[in-house]
Amino acid sequence: MINLLTQLIVSYINLTNTDRMMKRLLILSLSLIIGFALSAYANNSQPSYPGGEEALRNYLSENIQYPPMAAEMGIEGVVTVEFMVKADGSIGDAKIVRMVDPDLEEEALRVVMNMPRWNPASKDGVPADAWFSLPIKFILPTAEN
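So, a few notes on the structure that sits alongside this text. Residue numbers run consecutively from 1 along every chain, following the written order of its sequence. Only residues with pLDDT of at least 70 get local features here, since the model is predicted, and only at 80 or more are side-chain atom pairs given and counted; chain-wide, interface and lining totals rely on the full set of residues. With hydrogens and water stripped out, all remaining heavy atoms of the structure feed into the side-chain values.

When its secondary structure is counted, the protein shows 5 helices and 5 strands. Reading the protein from its N end, one meets helices and strands in the order α-α-α-α-β-β-α-β-β-β. The cut-offs for exposure are 20% and 50% of the maximum accessible area for each residue type, with area from a 1.4 Å probe on protein chains only; residues under the lower value are buried, those over the upper are exposed, and the others partly exposed. Looking at the protein as a whole, 30% of its 145 residues are labelled buried. For the protein, restricting intrachain contacts to residue pairs at least 6 apart in sequence, the fraction spanning at least 24 positions comes to 69%. Here the accessible surface of atoms and residues is derived via Shrake-Rupley with a 1.4 Å probe, and residues count as covered only by protein chains that are part of the display. Accessible surface computed for the protein: about 9,900 Å², of which carbon and sulfur atoms make up 57%. Put simply, DSSP marks the helices as runs of H or I at least four residues long and the strands as runs of E at least two long, and each gets a number from the N terminus on. By definition in these notes, contact holds between two residues if any of their heavy atoms fall within 4.5 Å.

This brings us to the side chain of Asp 101. Tracing the chain through its elements places Asp 101 in the loop between β2 (91-98) and α5 (102-113). Every residue in contact with Asp 101, bar those within four places of it in the chain, is listed here: Ala 70 and Ile 75.

What follows concerns the nonpolar core. Membership of the largest hydrophobic core comes to 21 residues, with the highest contact counts inside it found for Val 81, Phe 83, Val 112, Met 115, Trp 118 and Ile 136. Contributions of two or more residues to this core are made by α3 (53-63), β1 (77-85), β2, α5 and β5 (130-138). Those residues in contact with Trp 118 that sit more than four places away from it in its chain are Pro 47, Ser 48, Tyr 49, Pro 50, Leu 56, Phe 83, Val 85, Gly 89, Ile 91 and Phe 132. Buried Ala, Val, Leu, Ile, Met, Phe, Trp, Tyr and Cys residues form a nonpolar core when they are joined through side-chain atoms within 4.5 Å.

The next subject is the packing of aromatic side chains. A pair of aromatic rings is counted whenever rings of Phe, Tyr or Trp (Trp by its six-membered ring) have centres within 6.5 Å, and the orientation is called stacked for planes under 30 degrees apart, edge-to-face for over 60 and tilted otherwise. Under the criterion given, the structure shown has 6 aromatic pairs. Their ring planes at 85° and their centres at 5.8 Å tell us that Tyr 66 and Phe 138 sit as a pair that is edge-to-face. With Tyr 66 in the loop between α3 and α4 (68-72) and Phe 138 in strand β5, this residue pair connects regions lying 72 residues apart in the sequence. Ring geometry for Phe 83 and Trp 118: centres 5.4 Å apart, planes at 75°, overall edge-to-face. Of this pair, Phe 83 sits in strand β1 while Trp 118 sits in the loop between α5 and β3 (121-123); the two residues are 35 residues apart in sequence, bridging distant segments of the chain. Among the residues examined, Trp 118 registers a relative accessible area of 3% and is labelled buried. By way of ring pairs, the aromatic residues Tyr 49, Tyr 59, Phe 83, Trp 118 and Phe 132 are connected into one cluster. Here the basic side chain of Lys 95 rests over the ring of Trp 131, its NZ or CZ set 5.1 Å away from the ring centre. Here, a charge over a ring is recorded when the distance from Lys NZ or Arg CZ to the ring centre is within 6 Å and its angle to the ring normal is within 35 degrees.

Before going further, it helps to spend a moment on α5. Each helix should span, by expectation, one fewer than its residue count multiplied by 1.5 Å. With 12 residues, α5 extends 16 Å from end C-alpha to end C-alpha; this agrees with the ideal 16 Å at 1.5 Å per step. Of all the positions in α5, only Leu 104, Glu 105, Glu 107, Ala 108, Val 111 and Val 112 are classed as buried. Along the axis of α5, the buried residues cluster in a sector spanning 165°; they form a single face. Away from its buried face by more than 90 degrees, α5 exposes Pro 102 and Glu 106. Considering only its buried residues, α5 is in contact with α3, α4, β1, β2 and β5. As used in this structure description, the phrase polar contact means that two N or O atoms lie within 3.5 Å; if the pair is within protein, one of them must be able to donate a hydrogen and the other to accept it, and residues adjacent in sequence are counted only when both atoms belong to side chains. The opening residue of α5, the one whose side-chain oxygen lies 3.0 Å from the backbone nitrogen of Asp 103, is Asp 101. Arc definition: directions from the helix axis to the C-beta atoms.

Across 5 bridges, β1 lies against β2 in antiparallel orientation. Paired with Thr 80 across the two strands is Arg 98, which belongs to β2. Only when DSSP finds a minimum of two bridges between them are two strands counted as paired. Hairpin connection, β1 to β2: the antiparallel pair is bridged by 5 residues, and Gly 89 has positive phi, about 90°.

To continue, consider α3. The complete set of buried residues in α3 reads Leu 56, Tyr 59 and Leu 60. Each buried residue of α3 lies within a common arc of 95° when the element is viewed along its axis, so the set occupies one face. Turned more than 90 degrees from where α3 packs its buried face, Glu 54, Arg 57, Ser 61 and Glu 62 sit exposed. Residues of α3 that are buried sit in contact with α5 and β5.

Any link to function would need more than the numbers given here.
Structure (structure tokens):
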């Protein structure tokens, strides 16, 4: 695609003023190619949490219950959960891809699997299954908080 665009631009530059019809044809070709590329990109999207990232952060902060044993041991960290957002917005196939502690991992999976339906990804304007990776921070509250 890039090579074709480059060739069209070079051809346009090399034309003389007497080749107006050819210039118009090249401009039309460029416009069509760029328009097609932009429309293809516009019809594809990634899955998203309803309400956006801030709503997702709120959901996590309201629903995560710090595991007592991990809290007693002072364990903190980021557990990354990868999951499939299905075409209907449901969550499936969740797995831990960055481990910290078994109790934190279990809690991260629990919270992810209980999330409300997401806005699914789309491919060519049609809802589609897509993988999503979500890092979940487990930070113990301090006296300052």
